[in-house]
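Structural overview
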There are 2 protein chains.
Amino acid sequence: MLKLTKKVDYALLALSFLSQQEEGQVVNIREISEAYQIPTEILAKVLQRLSKKGILQSHHAPKGGYSLKKPAKNVSILDVINAIDGSVGILSCSDGHDKTCQQIDNCDIRSPLERIQGKIMWLLEDMSLEEFIHSEPTTGGVLHGSINLPGQPRYH
Amino acid sequence: MLKLTKKVDYALLALSFLSQQEEGQVVNIREISEAYQIPTEILAKVLQRLSKKGILQSHHAPKGGYSLKKPAKNVSILDVINAIDGSVGILSCSDGHDKTCQQIDNCDIRSPLERIQGKIMWLLEDMSLEEFIHSEPTTGGVLHGSINLPGQPRYH
DNA sequence: TTAATAACAGACCATTTTGGTCTGCGATTA
DNA sequence: TAATCGCAGACCAAAATGGTCTGTTATTAA
């Protein structure tokens, strides 16, 4: 539930790897797949999509491979997710054009969910790849320790 | 991707319906399923879980049904999601105890993802059912219009 | 007391999504 | 011109999800 797909995980791992290279350094799929034990074929697809979306630059030749196309601070996590999974949407009748949605006429929850979705998209868009990679490890292993939004949850 | 399940949709619809009843009014499954065209059997399961988790009160008798167990402002959206889907987790190696995760030893992305997850959980926990139900319709149909966090996205 | 009502419980199947594989093509350069 | 590497898409397997079916238990009104 609300889970990221493995492909997004792979994308983020690969991008993290590429970010650690020297400027303009080209890395091929095999290196990355070995570093993280990711099946090469599927990693290939993931990187292909990232390159099609302008996040990676591909070098289509022997000794070729991939490199970041733009600085890590100019790529948002939302960009990555969108590149891999199409688009983020917490609604099950995603884009509002789902004609088969039985609840469409008296759906009380659509616009509230859109608000929540908007907030989630905002925070994903607000976090750059650079920021993402340089996150401090969370302390204590409990999620609440890492929250940096203002205020406190009101429940429990 | 990052999608809520239909069961959560059904739960939120039912809760919304129940919130609109008079205080302590009991409603049975059939009424709700008819109101929103939800298959009764699956709605039954959803409501059962909500009642098991203390969100709904069940009245196990003829003319029985369900009612809210506590005021809508004391129930968070996260509570509802947790009740239905177990728990929210954007990580694909959800709870960190996934022994089959190949990346576990050199996973660069775990803690950054936990930070993001924490933020998402925070905002879901911060929104009460009452607030959820009384959300204004989003204007213009575009998600960005409904965002009320400070600042602006930095990309695009 | 009992029949009707409505929740409870869990096995079960179908559909969809996702993860992953296989096969072959295209571009570049040593 | 052959080796290396990315590109592309069909394809299959596994898992998650949505939904169905069968039967049981609690309560109450007749």
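Okay, so let's go over this structure. Here the structure is a predicted model, which is why all the values come from computation and not from measurement.

What counts and what doesn't
Residues numbered from 1 in each chain as written. Chains lettered and ligands numbered in written order. Predicted model: local features only at pLDDT ≥ 70, side-chain atom pairs only at ≥ 80, totals over all residues. Heavy atoms only, no water. Near = heavy atom within 4 Å. Polar contact = N/O pair within 3.5 Å; in protein donor to acceptor, adjacent residues only side chain to side chain. Helix = DSSP H or I, 4+ residues; strand = E, 2+ residues; numbered from the N terminus. Nonpolar A, V, L, I, M, F, W, Y, C, P; charged D, E, K, R; others polar. Buried < 20%, exposed > 50% of the residue type's maximum accessible area, 1.4 Å probe, protein only.

Turning our eyes to something else, we now look at the protein's contact with DNA strand D. Lys45 and Tyr66 of chain A together with Lys6, Tyr10 and Pro62 of chain B are the nearest of the 26 residues found near DNA strand D. Among the atoms of DNA strand D close to the protein, meaning within 4 Å, 67% are from sugar or phosphate groups. At a separation of 2.3 Å, a phosphate oxygen of DNA strand D approaches a polar side-chain atom of Tyr66 of chain A. A distance of 3.0 Å separates a sugar or linking oxygen of DNA strand D from a polar atom in the backbone of His60 of chain B. Counting only elements with at least two residues in the surface near DNA strand D, the list comes to helix 3 (40-52), strand 1 (56-59) and strand 2 (65-68) of chain A together with helix 1 (6-19) and helix 3 (40-52) of chain B. A total of four residues in the surface near DNA strand D trace back to one element, the largest contributor, which is helix 3 of chain A. A per-class count over the surface near DNA strand D returns nine nonpolar, 10 polar and seven charged.

Here we take up unusual backbone geometry. Residue Lys63 of chain A is not a glycine yet carries a positive backbone phi of 60°. One can find Lys63 of chain A in the loop between strand 1 and strand 2. Owing to a relative accessible area of 86%, Lys63 of chain A belongs among the exposed residues under this scheme. Its identity is not glycine, yet Gln37 of chain B carries a phi of approximately 60°, on the positive side. One can find Gln37 of chain B in the loop between helix 2 (29-36) and helix 3.

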